[in-house]
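Commentary on secondary and tertiary structure
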Amino acid sequence: MYAERASLLDRAVLWHNEPGPGPAVPVLPDGCMDLLWTEGRLLVAGPDTHAQPPDGARAAWAGVRFPPGAAPAFLGVPAHELRDLRVDLADVWPARQVRSLADRITDSPDPVAALEAVALRHAADAPPPDPLLRAVAEGLDAGGTVASTAAAVGLGARQLHRRSLDAFGYGPKTLARVLRLQRALALVRDGAPYAGAALAAGCSDQAHLAREMRDLTGLTLGRYAELTSASWPANSDTPAPSGSRTTA
């Protein structure tokens, strides 16, 4: 069973996933990066450019999902170095420090809250995310074009691309496509028809949305709907996930 809530960490989402019946949902690109805990390990999920298979062991996971552009400052590593990867946090931070943090979370009666506490303590000492790149992500998520977003933040095309690689893991055009797909899927999960969701999210038509779905995830819209409806109770008060990032 998957559940999430707003984290005390600015704009982040705290989530957990317990093994249960039903098919596991692939992890779809969402422009985000996650700090993960499972079975005594701490990991980092980098930004995805394609769907990642779900965790085969169906273990319990907890995660802090950072909004687009926020995790690199927290981790101290450019996002493009972690693109499409799941790595041990010890590959990014000192191994002794990571072991101590992982043990603290594992020994806690509430690993989800303990993971959030670890993230909050580290974020207090880390540099803040670049507000300019936050504005870029918000502009693109609002449906702005790459050109209009670059102009709004005062960056040229090359500058925006270079800084986007560090902040998001890929260029602004890819980020815009990923965010548009997520907007459309959120509408579909809320019951909107495909054609209406496509237009509302910024696609030209339903066929455009279907192509983007195949290109970015390898799934058809129908198959994704089958997976999410089968793996999520119809009477749940928690929104169906876009796919918790639980691939090690």
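Above: the structure in question.
These remarks concern the structure in this document. (Residues numbered from 1 in each chain as written. Predicted model: local features only at pLDDT ≥ 70, side-chain atom pairs only at ≥ 80, totals over all residues. Heavy atoms only, no water.)

With that settled, consider the environment of Asp-30. Here Asp-30 shows up in the loop between strand 2 (13-17) and strand 3 (33-38). For the pair formed by Asp-30 and Leu-181, sequence separation is 151 residues and the distance between their alpha carbons is 8.4 Å. A distance of 2.9 Å separates a polar atom in the side chain of Asp-30 from the backbone nitrogen of Cys-32. (Helix = DSSP H or I, 4+ residues; strand = E, 2+ residues; numbered from the N terminus. Polar contact = N/O pair within 3.5 Å; in protein donor to acceptor, adjacent residues only side chain to side chain.)

Within helix 5 (residues 146-153) the residues assigned to the buried category are Thr-149, Ala-150 and Val-153. An end-on view of helix 5 places all buried positions within 100° of arc, on one side of the element. Among the exposed residues of helix 5, those oriented more than 90 degrees off its buried face are Ala-147, Ala-151 and Ala-152. Buried residues in helix 5 make contact with helix 4 (131-141) and helix 6 (157-168). (Buried < 20%, exposed > 50% of the residue type's maximum accessible area, 1.4 Å probe, protein only. Arc of directions from axis to C-beta. Contact = heavy atoms within 4.5 Å.)

Before going further, it helps to examine the environment of Gly-202. Mapping Gly-202 onto the fold places it in the loop between helix 8 (194-201) and helix 9 (206-217). Residue classification places Gly-202 among the partly exposed residues on the basis of a relative accessible area of 47%. Taking the C-alpha atoms as reference points, Gly-202 and Ala-142, separated by 60 residues in sequence, lie 9.4 Å from one another.

Here we take up the sheet that holds strand 5 (residues 61-66). The strand order across the open sheet formed by six strands is 1-2-5-3-4-6, and the pairing between neighbours is antiparallel. A single partner strand is all that each edge strand has here, and the edge strands are strand 1 (2-6) and strand 6 (86-88). Ignoring which end each strand starts from, the neighbouring axes of this sheet average 20° apart. Examined bridge by bridge, strand 1 and strand 2 share five bridges and lie antiparallel to one another. The residue bridging Ala-6 from the neighbouring strand is Val-13, located in strand 2. Docked against the sheet, helix 2 (residues 95-107) engages strand 3 and strand 4 (41-45), running at close to 110° with respect to strand 4. (Pairing = 2+ DSSP bridges. Axes fitted to C-alpha atoms, helices over the stretch in contact; angles between N-to-C directions.)

Now for helix 2. Three- or four-residue spacings in an α-helix give side chains the same orientation, since the helix completes a turn every 3.6 residues. The end-to-end C-alpha separation of helix 2 is 18 Å, in line with the 18 Å expected for 13 residues at 1.5 Å each. For helix 2, the full list of buried residues reads Val-98, Leu-101, Ala-102 and Ile-105. What you see down the axis of helix 2 is that its buried residues fit within an arc of 100°, all on one side. Facing away from the buried side of helix 2 by more than 90 degrees, the exposed set consists of Arg-96, Arg-99 and Asp-107. (Expected span 1.5 Å × (residues − 1).)

From the geometry alone we can't say anything about function, so treat these as descriptive.
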